[in-house]
Amino acid sequence: MEPLENGVLDGNGIGGLLLEVFGTEMTAAVSICAGCGATSQVAELAVYQPGLGTVVRCRHCDTVLMVFVRARGVTCVDLWGLTSLA
Amino acid sequence: MAGTAVRGRLTWQTATVGSVVSETARVRTLSLSVPDWAGHRAGQHVDVRLTAEDGYQAERAYSIASAPGEPLSITVERLDDGEVSPYLTEEARAGDQMEVRGPIGGYFVWDALDGGPLLLLAGGSGIVPLRSMLRHRSRLGSTVPVRLLYSSRSWADVIYRSELDQPADGVTVIHTLTRQQPPGWTGYARRVDQRMISEVAWPVGGGPVGGGPVGAGPLAYACGPTSFVETVASALVAFGYQTRRIRTERFGASGQ
Amino acid sequence: MSPISRGFHGRRRSDAPGRVPPGQYVTRDFPVLSAGPTPHTALDRWTFSIEGGSSPKRWTWPEFQALPAETVTVDIHCVTRWSKLDTAWTGVSLDVLLEGVEHDAAYVLAVCDGGYTTNLPVADLTGGQAWVAFNYDGSPLRAEHGGPARLLVPHLYFWKSAKWVRSLRLRDRDEPGFWENYGYHIYGDPWREQRYAGD
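Residues numbered from 1 in each chain as written. Chains lettered and ligands numbered in written order. Predicted model: local features only at pLDDT ≥ 70, side-chain atom pairs only at ≥ 80, totals over all residues. Heavy atoms only, no water.

### Let's talk about the overall build of chain C
Quick reminder of the rule: Under the scheme used here, helices are H or I runs from DSSP no shorter than 4 residues and strands are E runs no shorter than 2 residues, and both carry numbers assigned from the N terminus. Taken over C-alpha atoms, the radius of gyration is set against a globule rule of 2.2 Å times the number of residues to the power 0.38. Buried means the residue's accessible area, taken with a 1.4 Å probe over protein chains only, is under 20% of the maximum for its type, while exposed means over 50%, and partly exposed covers the values in between. Whether two residues are in contact is decided by their heavy atoms: any pair within 4.5 Å suffices. Neither His nor the chain ends is counted toward charge; the positive residues are Lys and Arg and the negative residues Asp and Glu. For this purpose, a charge sits on NZ of Lys, CZ of Arg, CG of Asp or CD of Glu.
Counting its regular elements, chain C contains three helices and eleven strands. When the helices and strands of chain C are listed from N to C terminus, the series reads β-β-β-α-β-β-α-β-β-β-β-β-β-α. For 199 residues, the compact-globule estimate of 2.2 N^0.38 gives 16 Å, and the C-alpha radius of gyration of chain C, at 17 Å, lies within 12% of that figure. With the C-alpha coordinates aligned to their principal axes, the bounding extent of chain C is approximately 60 × 35 × 30 Å. Relative to its 199 residues, chain C shows a buried fraction of 55%. Residue pairs in contact within chain C that sit at least 24 positions apart in sequence constitute 65% of those at least 6 positions apart. Of the side chains in chain C, 21 bear a positive and 23 a negative charge, and the two mean positions are spaced by 9 Å.

### Digging into the interface of chain C and chain B
Frequently, the measure chosen for interface size is the accessible area that the parts lose on association. For the record, the criterion: We define buried area as the total accessible area lost by two parts upon association, computed with a 1.4 Å probe and summed across both. In protein, a polar contact means a hydrogen-donor-capable atom and an acceptor-capable atom, both N or O and within 3.5 Å, with residues adjacent in sequence counting only if both atoms are side-chain atoms; elsewhere, any N or O pair within 3.5 Å suffices. In this count, Pro and Cys sit with the nonpolar residues alongside Ala, Val, Leu, Ile, Met, Phe, Trp and Tyr, while Asp, Glu, Lys and Arg are called charged and the others, Gly among them, polar.
Contacts between the two partners involve eleven residues from chain C and, on the opposite side, 21 residues from chain B. Across the chain C to chain B interface the summed buried area is about 1,500 Å²; carbon plus sulfur atoms make up 50%. The three residues of chain C that bury the most area against chain B are Pro3, Arg6 and Phe8 of chain C, which together make up 45% of that side's buried surface. Linking chain C with chain B are eight residue pairs in polar contact (both at pLDDT 80 or more), by the criterion used here. Grouping the constituent residues of the side of chain C that touches chain B by class yields three nonpolar, five polar and three charged.

### Overview of the pattern of salt bridges
When the charged atoms of two side chains with opposite charge come close together, those side chains can pair. Put simply, the test is: When a carboxyl oxygen of Asp or Glu lies within 4 Å of a side-chain nitrogen of Lys or Arg, that pair is called a salt bridge.
Enumeration over the complete set of coordinates arrives at 31 salt bridges over all chains. With a closest N to O distance of 3.1 Å, arginine 78 of chain B and aspartate 80 of chain B form a salt bridge. In this structure, the salt-bridge partner of glutamate 175 of chain C is arginine 171 of chain C, at a minimum N-O distance of 2.7 Å. Owing to a relative accessible area of 25%, arginine 171 of chain C belongs among the partly exposed residues under this scheme. Through salt bridges with shared partners, a single ionic network connects Glu20 and Arg70 of chain A together with Asp47, Glu59 and Arg101 of chain B.

### What about the environment of alanine 106 of chain C?
Residues and elements named next belong to chain C. Relative to the helices and strands, alanine 106 is located in the loop between α2 (94-98) and β6 (107-112). A sequence separation of 86 residues divides alanine 106 from valine 20, and the C-alpha atoms of the two residues are 29 Å apart. Those residues in contact with alanine 106 that lie beyond four places of it in its chain are Pro121, Val122, Ala123, Arg171 and Asp172.

### Structural notes on the interface of chain A and chain B
Residue-level contacts link 23 residues of chain A with 32 residues of chain B. Roughly 2,000 Å² is buried in total at the junction of chain A and chain B, and carbon and sulfur atoms are behind 50% of that figure. Along the contact surface separating chain A from chain B lie three salt bridges. For glutamate 20 of chain A, the salt bridge identified is with arginine 101 of chain B, shortest N-O distance 2.3 Å. There are eight residue pairs in polar contact (both at pLDDT 80 or more) connecting chain A and chain B. Secondary structure elements with two or more residues in the side of chain A that touches chain B: α1 (3-6) and α2 (15-22) of chain A. Examining the composition of the side of chain A that touches chain B, we find that five residues originate from one element, α2 of chain A, more than from any other. Per-class residue counts for the side of chain A that touches chain B are seven nonpolar, nine polar and seven charged.

### Observations concerning the nonpolar core
The test is simple: Put simply, buried Ala, Val, Leu, Ile, Met, Phe, Trp, Tyr and Cys residues joined by side-chain atoms within 4.5 Å make one nonpolar core.
Judged by nonpolar contacts, the single largest core of 45 residues is most densely connected at Phe48 and Trp179 of chain C. Setting aside chain neighbours within four positions, we find tryptophan 179 of chain C in contact with Pro50, Leu52, Gly53, Val55, Val67 and Val69 of chain A together with Ala35, Tyr116, Trp159 and Tyr184 of chain C. Ranked by size, the runner-up nonpolar core spans 30 residues in total, among them Phe108, Leu118, Ile127 and Leu148 of chain B.

### Examining α2 of chain A
Among all positions in α2 of chain A, only Gly15, Gly16, Leu17, Leu18 and Leu19 of chain A are buried. On its buried face, α2 of chain A is in contact with β4 (54-57) and β5 (64-71) of chain A together with β3 (45-51) and β6 (97-104) of chain B.

### Quick look at the pairing of strand β5 (residues 82-93) of chain C
Residues and elements named next belong to chain C. To be explicit about the condition: Two strands form a pair only when DSSP identifies at least two bridges running between them.
By the criterion of burial, β5 is predominantly enclosed, with nine of the twelve residues buried. In the sheet, strand β1 (residues 25-26) pairs with β5 via two bridges, with the strands oriented parallel. Each bridged residue has a counterpart across the sheet, and for valine 26 the counterpart in β5 is serine 83. The loop that links strand β4 (residues 70-77) with its antiparallel partner β5 comprises four residues; one of these, arginine 81, has a positive phi angle of about 95°. Bridge count between β5 and strand β8 (residues 131-136): five bridges; the pairing is antiparallel. Across the sheet, the residue bridging to serine 93 is tryptophan 131, located in β8.

### Examining the pairing of strand β1 (residues 13-22) of chain B
Residues and elements named next belong to chain B. Note: β1 against β6, four bridges, orientation antiparallel. Along β6, the bridge assignment pairs threonine 16 with glutamine 97. Turn length for the β1-strand β2 (residues 27-33) hairpin, with the two strands adjacent in sequence and antiparallel, is four residues.

### Things to note about the packing of aromatic side chains
For any two aromatic rings, the description comes down to two numbers: the centre-to-centre distance and the angle of the planes. Stated formally: The pairing test for Phe, Tyr and Trp rings, Trp by its six-membered ring, is centres within 6.5 Å, and the orientation test on the planes gives stacked under 30 degrees, edge-to-face over 60, and tilted for anything in between.
Scanning the model with the defined rule gives 26 aromatic pairs over all chains in all. Taking 5.6 Å as the distance between ring centres and 75° as the angle between the ring planes, the aromatic pair formed by tyrosine 87 of chain B and phenylalanine 8 of chain C counts as edge-to-face. Of the two residues, tyrosine 87 of chain B is situated in helix α1 (residues 85-91) and phenylalanine 8 of chain C in the segment before β1; the pairing between them involves two chains. Judged by relative accessible area, tyrosine 87 of chain B falls into the buried class, the value being 5%. Here tryptophan 155 of chain B and tryptophan 185 of chain B contribute two aromatic rings whose centre-to-centre distance is 5.9 Å and whose plane-to-plane angle is 45°, an arrangement assigned as tilted.

Encoded structure:
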């Protein structure tokens with residue numbers, strides 16, 4: 001999946017992935033960055049999809065907030081860059 | 001449908017292509033028939049998955065072009081190095097099958113209860129979810145005032161041209177054509193900038209009231225390439241909009 | 001079972017069996033794939049270092065440019081299944097960079113601007129297998145492709161060819177880098193299709 005075409009640049013475009021992982025609509029959820037404390041709705045976060053996985057970063061300080069990697073049908077989820085997600 | 005929460009479907013559903021309509025040389029609208037389609041909210045998208053004969057799959061997100069209550073349709077722009085968009089815009093025809101998941105989205109959505117006045121800002125194919133919002137507003141008979149600022153390369157690149165030429169009451173459409181303008185064009189002829197925003201945007205205090213939370217002021221939705229969205233959002237903040245009254249959706253690669 | 005989308009075959013085109021590892025397809029593009037924003041490090045602030053040996057080595061850009069460099073043409077293979085053949089790079093061999101570094105480390109961790117890391121055995125960096133590359137296709141390496149300089153280790157999947165590399169830390173243990181932590185293979189040999197841990 002090439003980021004150029006997929007065009008997923010913010011949390012809006014990974015709504016489906018988040019729905020799959022969290023079981024509920026997450027794009028309006030509010031995140032707090034563990035790096036700088038910035039509050040943001042997930043839809044507004046910076047999303048990178050280099051093909052190996054999905055990396056979600058704080059738009060203010062670039063701290064990695066979430067990483068999703070799918071391998072062999074299992075999605076690995078790392079949320080440790082978030083202080084909170086609600 | 002106003003106020004109804006539509007639950008996103010986690011599972012992939014089979015979709016059959018109905019009609020295919022060319023909007024511009026690179027853009028097509030496909031109507032999709034999905035047996036258990038539960039409806040959607042204006043501004044949401046679907047994930048589309050294609051499967052090749054050898055099992056290879058590719059997946060992309062596309063904004064829903066139709067209004068809630070209308071048959072599901074998506075509008076796709078062909079991107080030159082794309083893997084999925086060339087198929088959807090050049091190959092797919094009535095009867096072909098794919099899978100969709102959704103509808104998806106709880107942030108970049110507009111329902112009547114959100115009120116207005118609405119400022120819609122579209123860059124290129126960013127018009128798609130905003131057009132769903134406009135059609136929804138019409139179907140509801142809403143009187144929320146709307147201004148749509150739509151940036152395209154040229155008149156030939158304007159998607160939903162004839163529809164936007166006959167906007168509903170209370171909707172004003174302002175085009176800017178950034179690369180090429182037809183003879184006699186008196187409209188904007190440049191990329192969106194601070195000055196254009198200050199001329200087009202609803203003023204923050206003392207503008208028309210449009211329902212929704214009292215005193216909330218205008219609500220802006222900006223959709224398009226990242227550079228467009230960021231320019232527009234910064235300009236709106238500089239113009240006095242609060243960030244929580246600006247919703248953004250960034251698309252990749254749609255050039256301006 | 002997903003329905004087949006008639007006429008869809010994706011981007012896959014020419015496969016050159018024998019030349020291309022299993023599961024790969026050949027592309028003419030050079031996709032820009034990054035896990036974060038492109039760093040822009042000014043050359044007058046750039047340094048490259050090798051740490052963890054008897055004494056650390058560090059080069060500024062002018063010092064680095066004064067080292068013997070070579071131009072190599074190699075095939076590169078991305079774990080996302082594209083392969084690009086006959087890519088031309090100019091860089092300094094790790095054999096040159098590691099010369100005179102006394103150490104007994106078996107592994108390195110590559111550390112990059114922007115925070116990316118990846119791990120490799122020292123044995124895969126030496127013997128003419130790896131470079132710190134600063135030119136691609138005859139021109140200075142563009143920032144989005146890893147410039148000013150990136151690691152180039154073409155015999156492993158391309159996520160090991162770390163963009164924006166700034167230092168190699170010699171280690172006794174094989175410490176997983178960014179993608180390896182999330183389940184990508186600790187070694188990553190495309191010819192044995194080692195994409196994920198356990199492959």
